[in-house]
Amino acid sequence: MNSNMANMFSLEGRNAWITGAAYGIGFSIAKAFVDAGIDNIIFNTSNEESMRKGLEAYREAGITNVHGYVCDVTDETAVKALVDKIHAEVGPIHILVNNAGIIKRIPMHEMARSEFQRVIDVDLVGPYICSAAVVPEMMERREGKIINICSMMSELGRETVSAYAAAKGGLKMLTRNICSEYGEYNIQCNGLGPGYIATPQTAPLRERQSDGSRHPFDSFICAKTPAGRWLNPDELAGPAVFLASHASDAVNGHILYVDGGILAYIGKQPK
Ligand code: NAP
Ligand code: GCO
């Protein structure tokens, strides 16, 4: 690879704040950014225990340029204070990855309003709060990257995930609106839409049944994925680095689906 191309994908000289990156997809994206030369990884979780476990996991992975904080992304005051703390303790935020997210798998008519609201707050309002907190410095610098972690549910629905699909569909349009409102400041806001990834969030969908058989959803998703398997978080590394780097400076408002082809595939025909 020639030096121009290598430089285009390099994250050297920049800091990235990845929300909810103690484990799962956020942790994998952080590792990818480190491999791409990032100066500092900043992450936050909703509680002290997972933040500490996250710092330990980074250390075990040999990553030391990492800074962990406790901050609920739905708490606007706490997020604004965190951004000030990051500026004081780490430096500017060049890249924001809105990764923190939850899901509640409950039939809509059985879901309490408070449960529906919590999913919307974490998965949609949280990315708005964090993006609004970092955009001013990106505007002043006339450079910035915001990556929103979307979902298959940004495009598709399924039983029991009404709040999550509403949030992720909204996150797709928030992505496009941030692109529209701040593109003139050389801020690119894109979505990364993972397919079905083997993380703690999807572990319940892969659990073996009491008779040792595969979870029905496990078999279903493998039939809906052309490669016939769940994806692993590290398969998001290249697309995430692309969206965080100057290689994507002319890409804005785009949702890059990393789904192994699920959205293109009607599903494996029954034998
Ligand atoms: P995960 O394993 O459950 O991790 C979620 C992360 O978000 C954890 O670090 C969690 O930390 C943090 N978090 C949750 N609520 C928070 C809050 N209020 N404030 C701060 N941090 C919070 O999930 P994942 O599978 O890695 O998913 C990460 C993102 O990818 C989510 O947005 C998810 O919707 C999306 N996604 C996942 C898949 C998949 O198949 N796994 C596919 C498409 C999209 P604590 O709870 O410890 O605070
Ligand atoms: C579910 C899963 C999915 C994944 C992901 C798919 O219950 O259907 O949790 O929603 O998390 O969002 O892209």
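Residues numbered from 1 in each chain as written. Chains lettered and ligands numbered in written order. Predicted model: local features only at pLDDT ≥ 70, side-chain atom pairs only at ≥ 80, totals over all residues. Heavy atoms only, no water.

**Side note on the nonpolar core**
Part 1 of the argument: One finds Ile29, Phe33, Ile41, Tyr58 and Leu192 to be the most contacted residues of the largest nonpolar core, which totals 33 residues.
Part 2 of the argument: Of all the secondary-structure elements, those providing two or more residues to this core are strand 1 (15-19), helix 2 (24-35), strand 2 (40-45), helix 3 (48-60), strand 4 (95-98), strand 5 (144-149) and helix 8 (237-244).
Part 3 of the argument: Per element, the largest residue contribution to this core is six residues, and it comes from helix 2.
Part 4 of the argument: Residues contacting Leu192, with those up to four places away along its chain left out, are Ile29, Ile147, Asn148, Ile149, Cys150, Leu236, Pro239, Ala240, Leu243, Leu256 and Val258.
Part 5 of the argument: Within the second largest apolar cluster, 25 residues are counted, among which are Leu82, Val83, Ile86 and Ala133. (Core = buried A, V, L, I, M, F, W, Y, C linked by side-chain atoms within 4.5 Å. Buried < 20%, exposed > 50% of the residue type's maximum accessible area, 1.4 Å probe, protein only. Helix = DSSP H or I, 4+ residues; strand = E, 2+ residues; numbered from the N terminus. Contact = heavy atoms within 4.5 Å.)

**Brief notes about the domain arrangement of the chain**
Part 1 of the argument: One can read the domain layout of the chain as domain 1 (3-195 + 233-264) and domain 2 (197-230).
Part 2 of the argument: Between domain 1 and domain 2, the C-alpha centre-to-centre distance is 25 Å.
Part 3 of the argument: The partner domain 2 presents 14 residues to the 16 residues of domain 1 that form the contact.
Part 4 of the argument: The contact between domain 1 and domain 2 buries some 1100 Å² in all, and 60% of this surface belongs to carbon and sulfur atoms.
Part 5 of the argument: Among the residues of domain 1 in contact with domain 2, Arg105, Arg158 and Ile262 are the three that bury the most area, contributing 39% of the side total.
Part 6 of the argument: For the pair domain 1 and domain 2, the interface holds one salt bridge. (Domains from an automatic or database assignment. Buried area = accessible area lost by both parts, 1.4 Å probe. Salt bridge = Lys/Arg side-chain N within 4 Å of Asp/Glu carboxyl O.)

**Things to note about the side chain of Asn40**
Part 1 of the argument: Relative to the elements of secondary structure, Asn40 occurs in strand 2.
Part 2 of the argument: Of the residues examined, Asn40 reaches a relative accessible area of 17% and is grouped as buried.
Part 3 of the argument: For Asn40, the side chain forms a polar contact with the side chain of Asn15, separated by 3.0 Å.
Part 4 of the argument: When neighbours within four sequence positions are excluded, Asn40 is seen to be in contact with Arg14, Asn15, Ala16, Asn65, His67 and Val90. (Polar contact = N/O pair within 3.5 Å; in protein donor to acceptor, adjacent residues only side chain to side chain.)

**Let's talk about the packing of helix 5 (residues 113-141) against helix 6 (residues 162-182)**
Part 1 of the argument: At their nearest, the axes of helix 5 and helix 6 sit 8 Å apart, and the two run at 15° to each other. The pairing of helix 5 with helix 6 is recorded here as roughly parallel in orientation. Considering the relative orientation of helix 5 and helix 6, their crossing is right-handed. Listed contacts from helix 6 to Phe116, Val119, Ile120, Asp123, Leu124, Pro127, Tyr128, Ser131, Val135 and Met139 of helix 5 are Ser162, Ala163, Tyr164, Ala166, Ala167, Lys168, Gly170, Leu171, Leu174, Ile178 and Tyr182.
Part 2 of the argument: Considered class by class, the residues forming the contact of helix 5 with helix 6 number 16 nonpolar, three polar and two charged. (Axes fitted to C-alpha atoms, helices over the stretch in contact; angles between N-to-C directions. Parallel < 35°, antiparallel > 145°, perpendicular 65-115°, else oblique. Left-handed = near helix turned anticlockwise from the far one by under 90°. Nonpolar A, V, L, I, M, F, W, Y, C, P; charged D, E, K, R; others polar.)

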